[in-house]
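Residues per chain, in single letters:
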There are 2 protein chains.
Amino acid sequence: MKAASDLTADIERPILYFAPDTCSLASLIACYDAGMEPTVKEVSFARDEQLGKAYRAINPSAKVPAIVFGKDIVVETPAILMLIAQLAPTAELVPVAPVAQAKVQAFNSYLCSTLHVAHAHRMRGYRWLDGEEHEEAMRQKVPEAVDVCYAHIEHHLMQGPFVFGESYTIADPYLFTISRWMESDGCGPDDFPKVAAHRRLMGERTSVAQALAIEAKMMADNV
Amino acid sequence: MKAASDLTADIERPILYFAPDTCSLASLIACYDAGMEPTVKEVSFARDEQLGKAYRAINPSAKVPAIVFGKDIVVETPAILMLIAQLAPTAELVPVAPVAQAKVQAFNSYLCSTLHVAHAHRMRGYRWLDGEEHEEAMRQKVPEAVDVCYAHIEHHLMQGPFVFGESYTIADPYLFTISRWMESDGCGPDDFPKVAAHRRLMGERTSVAQALAIEAKMMADNV
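Residues numbered from 1 in each chain as written. Chains lettered and ligands numbered in written order. Predicted model: local features only at pLDDT ≥ 70, side-chain atom pairs only at ≥ 80, totals over all residues. Heavy atoms only, no water.

Participant: Explanation requested: the sheet that holds strand β2 (residues 39-42) of chain A in the structure shown.
Facilitator: Two orientations exist for strands paired in a sheet by backbone hydrogen bonds: parallel and antiparallel. Residue and element names in this part refer to chain A. A sheet is described by the order of its strands in space; here four strands give the open sequence β2-β1-β3-β4, paired in mixed fashion. This sheet does not close on itself; its edge strands, each paired only once, are β2 and β4 (72-75). The mean angle between the axes of side-by-side strands here comes to 20°, regardless of whether they run parallel or antiparallel. Contacts from helix α1 (residues 24-33) reach β1 (15-18), β2 and β3 (66-69) within the one sheet, and its direction differs from that of β1 by about 155°. Lying on the sheet, helix α3 (residues 77-87) is in contact with β3 and β4; it crosses β4 at an angle near 125°. (Pairing = 2+ DSSP bridges. Helix = DSSP H or I, 4+ residues; strand = E, 2+ residues; numbered from the N terminus. Axes fitted to C-alpha atoms, helices over the stretch in contact; angles between N-to-C directions. Contact = heavy atoms within 4.5 Å.)

Participant: Quick question: what am I supposed to make of the interface of chain B and chain A here?
Facilitator: In this assembly, 48 residues from chain B lie in contact with 48 residues from chain A. Carbon and sulfur atoms make up 62% of the surface buried where chain B meets chain A, a total of about 3800 Å² over both sides. For the interface between chain B and chain A, the tally reads four salt bridges. When the shortest N-O distance is used, the salt bridge between lysine 141 of chain B and aspartate 130 of chain A registers 2.8 Å. The interface formed by chain B and chain A includes 13 residue pairs in polar contact (both at pLDDT 80 or more). (Buried area = accessible area lost by both parts, 1.4 Å probe. Salt bridge = Lys/Arg side-chain N within 4 Å of Asp/Glu carboxyl O. Polar contact = N/O pair within 3.5 Å; in protein donor to acceptor, adjacent residues only side chain to side chain.)

Participant: How should the nonpolar core be read in this particular structure?
Facilitator: Generally speaking, nonpolar side chains in soluble globular proteins are found buried as a group. Ranked by internal contacts, the top residues of the largest apolar core, which has 146 residues, are Ile84, Tyr150 and Ile153 of chain A together with Ile84, Tyr150 and Ile153 of chain B. Setting aside residues up to four positions removed in sequence, isoleucine 84 of chain B forms contacts with Ser27, Ala30, Cys31, Ala34, Met36, Ile67 and Leu93 of chain B. (Core = buried A, V, L, I, M, F, W, Y, C linked by side-chain atoms within 4.5 Å. Buried < 20%, exposed > 50% of the residue type's maximum accessible area, 1.4 Å probe, protein only.)

Participant: Any chance you could explain the relation of the copies chain B and chain A here in plain terms?
Facilitator: For the pair of chain copies, the relating transformation is a rotation about an axis with a translation along it. In the superposition of chain B on chain A (RMSD 0.0 Å, axial shift 0.0 Å), the rotation amounts to 180°. Taken together, the turn and the small shift mark the pair as related by a two-fold rotation axis. When each C-alpha of chain B is compared by its distance to the rotation axis, serine 113 of chain B comes out closest, at 2.0 Å. A high fraction, 100%, of the interface residues of chain B reappear at the interface in chain A, so the copies pair face to face through one surface. (Least-squares fit on C-alpha atoms with pLDDT ≥ 70 in both.)

Now the structure itself:
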């Protein structure tokens, strides 16, 4: 695994700051897809560690994921996924040609700015308004708002079996991660057969199994 | 302006689908920064053209911007900005080294998924809930939610004078575009001196003047 890089650190051994049941799963899967051996550090939301001084020194915006290569810290899922892909070119996780690459980035940008945001209104309404009755109004709308996003993905973006057809890219672990929340967001996978089939297909990947095993162990340890 | 590309179309003459007073301004500025001569097509929000069949054939999610090179359509601001930068390498709008490039992408990802979203709750609350009293609660919170984002940018992300120090990148037209809405979002530029200075500095650029002239003419024609 070689890449022209501005990194002095060992490319194959990043530290990934991770929390179970968050979008940080996408970056963990991508690390394994890339053949990396990440050290996974849990940021416990139950203990509000994301708000603590130690984690804010890593990411002052108090969100996961963050990935660290030596002294370099990179945050935000779309940026981390692209970085992983670029550092591991032989894994071919993203097209090299600019337009094809831009289309992958556009998909991931849609996930972070639209689908993930629609989902977040279910648990994190306090970011955007005050008052329980208003937060409840927000939660009521989540199934509809999330449904609009999956319909767009199903009918306009998703080629199948992977997001970009036969080629696995960094769009896939990101969609898989978010689509795991579909039922709890009030959307039925039956309405989105391509997205549902994608979730099953992803479940067969070694990288996904590795990442889910780490998440499951963390959740078990936290009980 | 040459780049290894999967494009057959003329790289210097894209079509940009644009609406005044939206984030599509960032892509227009970047086109000029890259030495492109875009054909700017207005998508009139006043006439709901973004929802019409013709524009949905360009972008089914009914949002601007979209950029078209020949038969290739790319949407989502962070993806468009990176594509423009990659197609015009001599303009040096983004670092080539992976980590430095990822940090630019992380900044733009923060803008699209957090700052722009916080702003959008002022006018587009209907996306996330139903009921005027709840939308009003959302609008009430906008100054606080947007303020949190600018504080993060001012104190943690912004190097100054440009976002990434002395080097102009595709982070700059995006921040400039969104920060124009600061006052109407209820935030004072006095609280964010680096962001305010950035806005003034950007106002001196030829590319920004070119883009603003096109936007101004469009707005005048619409009166």
